[in-house]
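Listed below are the residues making up each chain.
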Amino acid sequence: MYLSPACASGRVLVVFIVSVWALGRTTEPVHAQVSARSVGATPVPSCGMARSLAEGHWAQPLAPPDTAYLEALADTDVLHYSLDVEVSNLDHIDNTCLLVGRNTMTIQSKSVALDEFSFRLCDIYSIAGAHVNETIPVAVTTTSETTRVVTLDRTYALDESFTLTIEYSGNTIPAIGPFWSGGLQVDAQPDDTPVAATRSQPYFAYSWWPVKEGDVAAPGDNSDKATLEISVTVPDPLIVASNGLLQSVDALPGDRTAYRWASNYAVIPSLVCFAATEFNTWTATYTHPGGSMPVEFFIYPAWDTAENRAAWEKSVIMLDTFAGMFGEYPFVDEKYGIYNFPWYGLEHQTMTGQGPIGDYTGFEESLSAHELAHQWWGDSVTCKTWNHIWLNESFATYADALWEEFKPGGGGLPALQAIMRDRKIPPFYPLDGSVYVYDEELGNPTDIFDPNTTYYKGSWILHMLRHMLGDGDFFDALRAYRAAFEFQAATTEDFQAVCESFYGGELDWFFQQWVYEEGSPIYDWGWDSVEVNGRHYVLLSIDQVQDESFVRFTMPIDVVVDGDTYVAFNDAAPQHFVIPVPSAPVSVEFDPDEWIHGFVNPDPVYHPGPPKIVETFPAPGEALSAEAVGTVFTITFHTTVDVDGADISLSGVETGPVSFVIAADTDVNPLVLNLSEPLAPDAYTLTIGANGVVAVNSGLALDGEIGNPNAPASLPSGDGVPGGDALIAFTVLGDPVPTTSVWGLVALMLLILVAGTVLATRRFQRQ
Ligand SMILES: [Zn+2]
């Protein structure tokens, strides 16, 4: 398999390559392994989740999941949440408030006999009432700190729907333990104005409202999305920002106001949000081909400066830029918004929270780009389980680099490449850990939102895919993936399947290594050149010397020779390539544009490899008269070889084996075969056994595979590693041998007998 990436200059040339899956291949690293791990300052992604974690705002690993859910998540489909909460007694000193709420869930049975429904609600809240279809009281059993189970009034059949209303209340607790990372946080603006704001990712919605979600430390299932009404009542003069569109603002007795928001776009529970405080607000307009959409901003008065407003308003341009890249903004019939909250960034659906943390203000352009991109990647298309969180985070991380490339006046590809270079964290500290989050890591959100893997290495996976597919197919693949899973949830395998349809072949070799395995390649490489029969070749050796505990990666690698780009499909380590070039090479560069999340030895040293066939006479696929073929055959290698003639044979389809004499068998190039007489018209195959040819300089056996024995373009031979017989097919033109003739048959049988005796004798002699 080979690939030919898009190249604007049109100067891409392609080198073979027979692709061999080399995952299990053992190697002898050239260099001593380096195991030291630097733990220096680690850059932190734009995303608020990762940055907050890096700033130490996550408490501790969480308890393993309980098994309190009696029915499977797939046994029900929540169609709609109608949530009505009131917050009061906001105490930003003790970080608590009184929360009184009622959630009516419209639930469809996906079981043939559903008689129970489990939901999450933290046991700090007491339940005042539970009713099916508004009027039928039902019992609620608290089964764990996180989970309650309702015994339904009757059994519900497949696809039957009902509503379940839960009324609850309690004082929220300060943000400690899991509540630091999720829940209803009571804090204050710089001027001490209280703020009540939620953040629930990944599985903390239960800490402030009754909800169906996967348990803490469990994979969850984000495929159950529901439409939403959310009404939040607050003491005056607080106002409320939330998902969707504002439906009404209702003044209530006691200096209270209810803000009623709603969204017709289904949302996962952890992306439902509200923030209640004193905001200054303004609205911009995003104009798109189908009309226009409000972009609403809720800013703390103390931070309401022209500079901060301008920073957030860039999201209007970002909407246009990302729509061009990924397809129209997913929630274009409602809104996009940004509001201040006491956390760095969270991509709540249609309403992103942004705020200061550490030295960061919450108004950074990269943060705004990252969180907006999440509306496509994370909100509209959501990772199906938290194992696949990279489908949210690395997409948003790559998107904020794409913004720097494609924004009006942006820096183009060099700007993106500079960002990606900074995200290719130097060896060797960050190479541990896979991009995929395995179940045992789900108990610690720090592992789910690991900057090095979930964000940076994941974004590099997209960067590498982009180069492998070419820009056109890469962005088409992103749009196709979005279209296939819009308003749904997806897995790594789903994304892989879409990419494969654009790549034109399976990509297991890529996804398995980069998503599920750990590490990155460290390339040791070198080059030399040779001229053979007036033709020039670059000799390239590639090895991978990363820690032995990591896999050897399969990657197509750009090799630029005097400005021309060749692609070496590196699927073994060590591996050797012989690349025909138009003139004596002066400069050879290895992945010069850094398209691979790997590291390259800056001091290349060439290590000689196995011999490869660069020319033959007759050439593969050649059809000549007997006179033109003659009686002298040549096999030309890129380097001098020693030959064992017993491993070389010539045979016609009709005429059978042909005898010949080797002119010389040591230190030769080319190898010359002298036939005793001209060949009869027939189709012939010349076979050069790998074991019969050894390079003088490396001592390695022939790398002989010829992809198509009938095509001259199949040379040079080989898949990059020693071994593999070379088969060269050619035809001698003329009238075929009259095999029906008795004399012909007799001659053929005699020939086979003689040849068999010769071969048997040689085999015996070699023992
Ligand atoms: Zn993010």
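The rules behind the values
Residues numbered from 1 in each chain as written. Predicted model: local features only at pLDDT ≥ 70, side-chain atom pairs only at ≥ 80, totals over all residues. Heavy atoms only, no water. Helix = DSSP H or I, 4+ residues; strand = E, 2+ residues; numbered from the N terminus. Buried < 20%, exposed > 50% of the residue type's maximum accessible area, 1.4 Å probe, protein only. Contact = heavy atoms within 4.5 Å. Areas by Shrake-Rupley, 256 points an atom, 1.4 Å probe, with all protein chains shown as cover. Phe/Tyr/Trp six-rings, centres within 6.5 Å; stacked < 30°, edge-to-face > 60°. Pairing = 2+ DSSP bridges. Axes fitted to C-alpha atoms, helices over the stretch in contact; angles between N-to-C directions. Core = buried A, V, L, I, M, F, W, Y, C linked by side-chain atoms within 4.5 Å. Lys, Arg positive; Asp, Glu negative; His and termini not counted. Salt bridge = Lys/Arg side-chain N within 4 Å of Asp/Glu carboxyl O. Polar contact = N/O pair within 3.5 Å; in protein donor to acceptor, adjacent residues only side chain to side chain. Parallel < 35°, antiparallel > 145°, perpendicular 65-115°, else oblique. Left-handed = near helix turned anticlockwise from the far one by under 90°. Nonpolar A, V, L, I, M, F, W, Y, C, P; charged D, E, K, R; others polar. pLDDT = per-residue confidence, 0-100. Expected span 1.5 Å × (residues − 1). Bend = angle between axes of the 7 residues up to and from the residue.

## Points about the overall build of the protein chain
So, point 1. Each helix and strand counted, the protein chain has 13 helices and 40 strands in total.
So, point 2. Taken over 767 residues, the protein chain has a buried fraction of 55%.
So, point 3. When contacts within the protein chain are restricted to residue pairs at least 6 apart in sequence, long-range pairs at least 24 apart make up 71% of them.
So, point 4. Carbon and sulfur atoms provide 54% of the accessible area of the protein chain, an area that totals close to 28,800 Å².

## Digging into the environment of Gly656
So, point 1. Tracing the backbone through its elements, the reader meets Gly656 in strand S35 (residues 656-658).
So, point 2. Taking relative accessible area as the criterion, Gly656 reaches 9% and is therefore assigned buried.
So, point 3. In this structure the C-alpha to C-alpha distance between Gly656 and Thr685, which are 29 residues apart in sequence, comes to 10.0 Å.

## Section: the packing of aromatic side chains
So, point 1. Taken as a whole, this structure holds 52 aromatic pairs when the rule is applied.
So, point 2. Considering the side-chain rings of Phe326 and Trp376, the 5.9 Å spacing of their centres and the 65° angle between planes classify their relative orientation as edge-to-face. Here the residue Phe326 occupies a position in helix H3 (residues 306-326), and Trp376 occupies one in the loop between helix H4 (365-374) and strand S21 (381-383), the gap between them amounting to 50 residues. Neither Phe326 nor Trp376 differs from the other in exposure class; each is buried.
So, point 3. Considering the side-chain rings of Trp390 and Phe495, the 6.1 Å spacing of their centres and the 75° angle between planes classify their relative orientation as edge-to-face. Taken together, the residues Trp390 in helix H5 (residues 390-406) and Phe495 in helix H10 (residues 492-503) connect sequence positions 105 residues apart.

## Observations concerning the sheet that holds strand S29 (residues 599-600)
So, point 1. Strand order in the open sheet formed by four strands is S27-S24-S23-S29, and the pairing between neighbours is mixed. The strands lining the two open edges of the sheet, one partner per strand, are strand S27 (575-581) and S29.
So, point 2. Across seven bridges, strand S24 (residues 535-544) lies against S27 in antiparallel orientation. Looking at S27, one finds that Leu539 is bridged to Val578.

## What about the pairing of strand S40 (residues 726-733)?
So, point 1. Summarising the sheet, strand S31 (residues 623-625) and S40 pair through three bridges and their orientation is parallel. By the bridge assignment for S40, Ala623 is matched with Thr731.
So, point 2. Pairing of strand S38 (residues 682-688) with S40, which is carried by seven bridges, proceeds in the antiparallel orientation. Across the sheet, the residue bridging to Asp682 is Val732, located in S40.

## Things to note about the sheet that holds strand S26 (residues 564-570)
So, point 1. Spatial strand order, S26-S25-S28: three strands in an open sheet with antiparallel pairing. Where the open sheet ends on each side, the last strands, each with one partner, are S26 and strand S28 (588-590). Sheet twist, expressed as the mean angle between neighbouring strand axes with direction ignored, is 30°.
So, point 2. Two strands pair when backbone bridges link them, and strand S25 (residues 555-561) and S28 are joined in this way by three bridges, in the antiparallel orientation. Each residue of the ladder has a partner; that of Val561, found in S28, is Val588.

## Observations concerning the nonpolar core
So, point 1. Ranked by internal contacts, the top residues of the largest apolar core, which has 165 residues, are Leu164, Phe322, Leu465, Phe495 and Phe510.
So, point 2. Other than its neighbours up to four places away in sequence, Phe322 contacts Gly327, Ala369, Leu372, Ala373, Trp376, Ala399 and Trp403.
So, point 3. Among the nonpolar cores identified, the runner-up in size contains 29 residues, and Val629, Ile648, Val658 and Val668 belong to it.

## With respect to the side chain of Glu334
So, point 1. Positionally, Glu334 belongs in the loop between H3 and strand S18 (336-340).
So, point 2. The buried charged residue Glu334 lacks any salt bridge partner; its closest oppositely charged side chain belongs to Lys335, at an N-O distance of 6.6 Å.
So, point 3. At 2.8 Å, the side chain of Glu334 forms a polar contact with the side chain of Ser263.
So, point 4. A distance of 2.6 Å separates a polar side-chain atom of Glu334 from the backbone nitrogen of Asn264.
So, point 5. If we skip the residues at most four places from it in the chain, Glu334 touches Gly244, Leu245, Ala262, Ser263, Asn264, Tyr265, Met293, Pro294 and Thr350.

## Structural notes on unusual backbone geometry
So, point 1. The step from Phe617 to Pro618 runs through a cis peptide bond, and the omega angle for that step is 0°.
So, point 2. In this fold, Pro618 is placed in the loop between strand S30 (613-617) and S31.
So, point 3. Of note, the amide linkage connecting Leu715 to Pro716 takes the cis form, showing an omega dihedral of 0°.
So, point 4. The topology assignment puts Pro716 in the loop between strand S39 (693-695) and S40.
So, point 5. The phi torsion at Phe487 lies on the positive side, around 60°, for a residue other than glycine.
So, point 6. Looking at the secondary structure, you find Phe487 in the loop between helix H9 (471-485) and strand S22 (488-490).

## A short note on the pattern of salt bridges
So, point 1. By the definition in use, this model includes 20 salt bridges.
So, point 2. Where Lys384 meets Asp221, a salt bridge forms, and the shortest distance between an N and an O atom there is 3.4 Å. Taken as a pair, Lys384 in the loop between S21 and H5 and Asp221 in the loop between strand S10 (194-199) and strand S11 (226-235) lie far apart in primary sequence, 163 residues in all.
So, point 3. Notably, a salt bridge pairs Glu365 with Lys407, separated by 2.8 Å at the nearest N-O pair. Within this pair, whereas Glu365 is found in helix H4, its partner Lys407 is found in the loop between H5 and helix H6 (412-423), the two being separated by 42 residues in sequence. Comparing Glu365 with Lys407, the two get one shared label, buried.
So, point 4. Here the salt bridges do not stand alone but share partners, grouping Lys314, Glu365, Glu404 and Lys407 into one network.

## Examining the packing of H6 against helix H8 (residues 451-469)
Axis angle and axis distance: for two packed helices, these are the angle between their axes and the distance between the axes, and together they describe the pair.
So, point 1. At their nearest, the axes of H6 and H8 sit 10 Å apart, and the two run at 140° to each other. The orientation of H6 relative to H8 falls into the category oblique. Note on packing geometry: the crossing formed by H6 with H8 is left-handed. Between H6 and H8, the contacting residues are Leu413, Leu416, Met420, Arg421 and Arg423 on the first element and Tyr456, Ser459, Trp460, His463 and Arg466 on the second.
So, point 2. Its residues assigned to classes, the contact of H6 with H8 comprises five nonpolar, two polar and three charged.

## A word on the confidence of the model for the protein chain
So, point 1. With 85% of its residues at a pLDDT of at least 70, the protein chain reaches an overall mean of 88.
So, point 2. When the criterion is pLDDT under 50, residues 56-61 qualifies, and its contacts beyond four places in sequence or with other chains add up to 18 contacts.

## Some words on the pairing of strand S9 (residues 183-188)
So, point 1. The pairing of S9 with S10 spans six bridges and is classified as antiparallel. Bridging across to S10, Leu184 finds its partner in Thr198.

## A closer look at H3
So, point 1. Over its 21 residues, H3 runs 30 Å from end to end, which matches the ideal 30 Å to within 8%, given 1.5 Å per residue.
So, point 2. Of all the bends found along H3, the most pronounced is centred on Ile317 and spans about 30°.
So, point 3. Taken together, the buried positions of H3 are Asn308, Ala311, Trp312, Ser315, Val316, Met318, Leu319, Thr321, Phe322, Ala323, Met325 and Phe326.
So, point 4. Once H3 ends, the next one or two residues include Gly327, with phi positive near 100°.

## Notes on the environment of His388
So, point 1. With respect to the element layout, His388 can be found in the loop between S21 and H5.
So, point 2. Judged by its relative accessible area of 6%, His388 is buried.
So, point 3. Each residue touching His388, except ones within four places of it in the same chain, is listed here: Cys383, Tyr436, Ala490, Thr491, Thr492, Glu493 and Tyr516.

## Some thoughts on the side chain of Thr352
So, point 1. Relative to the assigned elements, Thr352 resides in strand S20 (residues 352-354).
So, point 2. For Thr352, a relative accessible area of 0% puts it in the buried group.
So, point 3. In terms of polar contacts, Thr352 uses its side chain to reach the side chain of Tyr336, at 2.9 Å.
So, point 4. Excluding anything up to four places from it in sequence, Thr352 contacts Tyr336, Gly337, Ile338, Tyr339, Leu346, Glu347, Glu371 and Gln375.

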